[in-house]
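# Observations on chain architecture
One letter stands for each residue in the lines below.
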Amino acid sequence: MAKETASRVKHSDVWNAVPPDEVLFGRSAAMTAVRIHVQRIGRTNIPILLTGEGGTGKEALARWIHANSDYASGEFVKVNCAAIPGTLLESELFGYARGAFTGANFAKPGRVELAHRGSLFLDEIADLDLNLQSKLLHFLQDGTFSRIGDGVERRIDTRLLCATNKDLEKETREGRFRQDLFYRIHVFRLKLPPLRERVEDIPTLAEFFRQNFQKQFGMPAQPIPPQTFEYLQNLPWPGNVRELSNMIARYVLIGPEAAASAENMQKKSRAYGERSNGSALPLKKLAKDAMKEMERNVILETLRANQWNRRKTAQELKISYRALIYKIRDAGLVSRRHASKNASRAGDAPFQTPTSD
Ligand SMILES: Nc1ncnc2c1ncn2[C@@H]1O[C@H](COP(=O)(O)OP(=O)(O)O)[C@@H](O)[C@H]1O
Ligand SMILES: [Mg+2]
């Protein structure tokens, strides 16, 4: 084995690893149903369509399915259909022959070929353009394809996993997704629940992320107090498990203030959500929010620089002590020290703003 040169865990190692079963599935009813299904059909070669909001763990589950299938000795090959523009995506998927187009100075196998005896994970499948949809359909029908500009018919054996956060039925009804392809990839569908419908899993997930980030950043972080879980279980989590993971990363890096900013961010994303649902958010309000956010950051930085001494901070910011206290409370800022003190008092909300010095 190659000598390990760096002791630090690489980011990619952490994120390509499949979380342990008890973390991935937790114990909520919604995820238990998912678990029962994948345990039955995961080992077959049936295509599986994973649906659910962004950040609910579609890719994590796809990796689990691969790792627990007969295709596990092959590669898990991910293709993000939304991230690569149409023409490029075709050569990315199916490869090309030398001289197939200007600049094709050598032949290149596509991702489909790399997935031979492994799993092909097509992420954001709803965004595949119509022309490529028919090429993919052709490949799925008989397992054959050819590289662009080369007539050689190639055959591979791969397990297909697809994911989308869009409503594929609607995409099909409205003509953006081929019906025949829809039926092909939709043999079995698993819907991942949003985090707000499985809040009992938040403690396990949060603790898992805390331990991972501690390792990854090489920074020890206090275990998360039980009262904090209650607080976290009451947030709406529009970004689902990804958002929780980001919050715990901030917790490990900067301490419990991270949670206050989690709540702020969720409020903000709700505001943006409202806007995108049609009711316009006035420019004035957006500007005010942005100002507040900037002000909050300046206050937080100054507080930290002064070890949370508020009198010094107020002097430095040239505002009155009272005004500072008001702003701290308004922005939901709290120091690590106060948070852990509050957390140790039973019944207290752990991320409350401190009321006195
Ligand atoms: N059930 C879970 N257990 C552990 N980590 C998870 C779980 N679901 C999601 N994650 C983590 O949250 C992040 C987002 O998950 P991902 O699978 O990319 O979501 P999606 O593909 O649905 O957008 C990833 O870092 C992933 O590892
Ligand atoms: Mg994803």
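Residues numbered from 1 in each chain as written. Chains lettered and ligands numbered in written order. Predicted model: local features only at pLDDT ≥ 70, side-chain atom pairs only at ≥ 80, totals over all residues. Heavy atoms only, no water.

## Description of the overall build of the protein chain
Check the secondary structure of the protein chain and you find 17 helices and 9 strands. Within the protein chain, buried positions represent 44% of all 357 residues. Long-range pairs, those at least 24 residues apart, make up 71% of the contacts in the protein chain between residues at least 6 apart in sequence. Element-wise, carbon and sulfur atoms account for 52% of the exposed surface of the protein chain, whose accessible area totals about 19200 Å². (Helix = DSSP H or I, 4+ residues; strand = E, 2+ residues; numbered from the N terminus. Buried < 20%, exposed > 50% of the residue type's maximum accessible area, 1.4 Å probe, protein only. Contact = heavy atoms within 4.5 Å. Areas by Shrake-Rupley, 256 points an atom, 1.4 Å probe, with all protein chains shown as cover.)

## Concerning the sheet that holds strand 1 (residues 48–51)
Here we have 5 strands laid out as an open sheet, ordered 2-5-8-1-9, and parallel in their pairing. Edge positions in the sheet fall to strand 2 (76–80) and strand 9 (188–191), since each of these pairs with one other strand and no more. Ignoring strand direction, the axes of neighbouring strands in this sheet form an average angle of 20°. Inspection of the sheet shows strand 1 paired to strand 9 by 4 bridges, in the parallel sense. By the bridge assignment, Leu49 is partnered in strand 9 with Arg189. Across the sheet, helix 4 (residues 58–67) is in contact with strand 1, strand 2, strand 5 (119–123), strand 8 (159–164) and strand 9; its angle to strand 1 comes to roughly 155°. (Pairing = 2+ DSSP bridges. Axes fitted to C-alpha atoms, helices over the stretch in contact; angles between N-to-C directions.)

## Quick look at the packing of aromatic side chains
As enumerated under the stated definition, the model contains 9 aromatic pairs in all. Seen from their ring centres, Phe139 and Phe145 are 5.7 Å apart, and the 90° between their planes marks the pair as edge-to-face. A single burial state applies to Phe139 and to Phe145, both of which are buried. Clustering of aromatic rings is evident, with ring pairs tying together Phe94, Phe139 and Phe145. (Phe/Tyr/Trp six-rings, centres within 6.5 Å; stacked < 30°, edge-to-face > 60°.)

## Looking at helix 5 (residues 86–94)
What helix 5 keeps buried is the set Leu89, Glu90, Ser91, Glu92, Leu93 and Phe94. Gly95, located one to two residues past helix 5, shows a positive phi value of around 80°.

## Things to note about the confidence of the model for the protein chain
Summary statistics for the protein chain give a mean pLDDT of 83 and a share of 79% for residues scoring 70 or more. Confidence drops under pLDDT 50 across residues 273–282; counting only partners more than four residues distant or on other chains, this segment forms 5 contacts. In this model residues 339–357 is a low-confidence stretch, pLDDT under 50, and it forms 37 contacts with partners more than four residues away in sequence or in other chains. (pLDDT = per-residue confidence, 0-100.)

## Overview of the pairing of strand 8
For strand 8, a buried count of 6 out of 6 residues is recorded, marking the element as mostly surrounded by other parts of the structure. Both faces of strand 8 are covered, namely the face carrying Arg159, Leu161 and Ala163 and the face carrying Leu160, Cys162 and Thr164. When strand 1 meets strand 8, the two strands line up parallel, connected through 4 bridges. Paired with Thr51 across the strands is Thr164, a residue of strand 8. For strand 5 and strand 8, the ladder comprises 5 bridges, and the chain directions are parallel. Across the sheet, the residue bridging to Leu120 is Leu160, located in strand 8.

## Let's talk about the site of ligand 1
The immediate surroundings of ligand 1 are formed by 17 residues, with Leu24, Gly55, Lys58, Ala60 and Arg242 found nearest. In this structure, Lys58 approaches ligand 1 through a side-chain N or O atom, which is 2.8 Å from an oxygen atom. Within the backbone of Glu59, an N or O atom sits 3.1 Å from an oxygen atom of ligand 1. Burial of ligand 1 by the protein amounts to 90% of the accessible area it has alone, namely 550 Å². Taken together, the elements giving at least two residues each to the shell around ligand 1 come down to helix 2 (21–25), helix 4, helix 10 (202–217) and helix 12 (240–254). (Near = heavy atom within 4 Å. Polar contact = N/O pair within 3.5 Å; in protein donor to acceptor, adjacent residues only side chain to side chain.)

## What about the pattern of salt bridges?
Per the stated rule, a full pass over the model turns up 16 salt bridges. Salt-bridge contacts for Glu59 lead to Lys78; the nearest nitrogen and oxygen are separated by 2.8 Å. Remark: Lys78 occurs in strand 2 and Glu59 occurs in helix 4; sequence separation between them is 19 residues. In this structure Glu59 comes out as partly exposed when scored by relative accessible area, which is 24%. Of the residues examined, Lys78 reaches a relative accessible area of 29% and is grouped as partly exposed. Asp201 is the partner of Arg198 in a salt bridge, and the nearest nitrogen-oxygen pair spans 3.1 Å. Judged by relative accessible area, Arg198 falls into the buried class, the value being 2%. Overlapping salt bridges, with partners in common, bring together Glu113, Arg147, Asp150 and Arg154 in one network. (Salt bridge = Lys/Arg side-chain N within 4 Å of Asp/Glu carboxyl O.)

## Overview of the packing of helix 10 against helix 11 (residues 226–233)
One can describe the packing of helix 10 onto helix 11 by two numbers: an axis separation of 10 Å at closest approach and a directional angle of 115°. Looking at the two axes, helix 10 sits roughly perpendicular to helix 11. Along this stretch, helix 10 crosses helix 11, giving a crossing that reads as right-handed. Seen from helix 10, the contacting residues are Ile202, Pro203 and Ala206; seen from helix 11, they are Phe229, Leu232 and Gln233. (Parallel < 35°, antiparallel > 145°, perpendicular 65-115°, else oblique. Left-handed = near helix turned anticlockwise from the far one by under 90°.)

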